[in-house]
Amino acid sequence: MLCFAPTAQRFIEAQPWFASVPAALQERLRAEVFSTQGDKGAVMMPAGSAVQGWYAVLSGLVMLQSPASKGRSSAFIGVPDGEWFGEGSAMKPEPRKYNVVALRPTTLLCLPLPLFNALRETHLGFNQFLVLHLNMRLGQAMTIIEAGRTQSTEHRVALYLSRLFWRSTRRLNLTQDELGQLVGLSRQTVNRVLQTLEGLGIVSLDFGKVAIVDDDALSAYLAATVAS
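Residues numbered from 1 in each chain as written. Predicted model: local features only at pLDDT ≥ 70, side-chain atom pairs only at ≥ 80, totals over all residues. Heavy atoms only, no water.

## Quick word on the overall build of the protein chain
Scanning the protein chain from N- to C-terminus turns up 9 helices and 12 strands. For the protein chain, the proportion of its 228 residues judged to be buried stands at 48%. Residue pairs at least 24 apart in sequence account for 71% of intrachain contacts in the protein chain once pairs closer than 6 positions are excluded. Summing over all exposed atoms, the protein chain offers an accessible surface of approximately 11200 Å²; the carbon and sulfur share of this is 55%. (Helix = DSSP H or I, 4+ residues; strand = E, 2+ residues; numbered from the N terminus. Buried < 20%, exposed > 50% of the residue type's maximum accessible area, 1.4 Å probe, protein only. Contact = heavy atoms within 4.5 Å. Areas by Shrake-Rupley, 256 points an atom, 1.4 Å probe, with all protein chains shown as cover.)

## Some points on helix 8 (residues 187-199)
With 13 residues, helix 8 should reach 18 Å at 1.5 Å per residue; the first-to-last C-alpha distance of 18 Å fits that figure. Residues of helix 8 that are buried: V190, V193, L194 and L197. Down the axis of helix 8, the buried side of the element spans an arc of 100 degrees, and every buried residue falls inside it. Turned more than 90 degrees away from the buried face of helix 8 sit Q188 and G199, all of them exposed. Once helix 8 ends, the next one or two residues include G201, with phi positive near 75 degrees. (Expected span 1.5 Å × (residues − 1). Arc of directions from axis to C-beta.)

## Description of the pairing of strand 2 (residues 34-38)
Regular strands have side chains that alternate between both faces of the sheet. Across the 5 residues of strand 2, 4 count as buried, placing the element largely inside the fold. Bridge analysis of strand 2 against strand 9 (residues 106-112) gives 5 bridges, and the strand direction is antiparallel. Its bridge partner being in strand 9, T36 is matched across the sheet by L108. (Pairing = 2+ DSSP bridges.)

## Examining the sheet that holds strand 11 (residues 203-204)
Within a beta sheet, neighbouring strands are joined by backbone hydrogen bonds and run either parallel or antiparallel to one another. In spatial order, the strands read 10-12-11; together these 3 strands make up an open sheet with antiparallel pairing. Two strands in the sheet have a free side with no partner beyond their single neighbour: strand 10 (174-175) and strand 11. Bridge count between strand 11 and strand 12 (residues 209-212): 2 bridges; the pairing is antiparallel. Considered in strand 12, the bridge of V203 is made with I212.

This is how it looks when you write it as structure tokens:
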């Protein structure tokens, strides 16, 4: 379902680059951004579909997931509310390379491609924001690749709880199922690691949700579990 909701307009107006955009372009942004909703488990944007714009999560949580290969699919990253994703797809004239899957009821904002391109072509502040965002995603991607090849199960689970992936909140409220889907491990394996982390005072597991209670201890645990 698509809608031109006030929530989407407020989100755009709160972006750090918005205030310096020319007034006429601000009005276009307010008028043309829209939101779309999906239930838990819905593929909100399938791999191979045409790219309509740059997206942000207004509420909920999505997983960027590679299409199934030989019967298996793999998650790349989870994107919580308040964060943008899909800039690489928006910058290339080709179909989307991955599925966008809602891990819980989710509302997405879309900044349509014509506006995304206009901002890239004319606005320095927007480009600076975009470069910082791309640099963050590159760091995440490189860390995921390294962890998947060389690090232990314990390290991988802890890594997906770190600030590298969840900058906007420390009350993640992830379920163990959601975390397992993101890390690519079974719920049982994730539960075993989380029980260890809870015993160390790093996380809490109230009502089946995972929340970080000690960032310093999490950082120390990650350092201690790095493979030599």
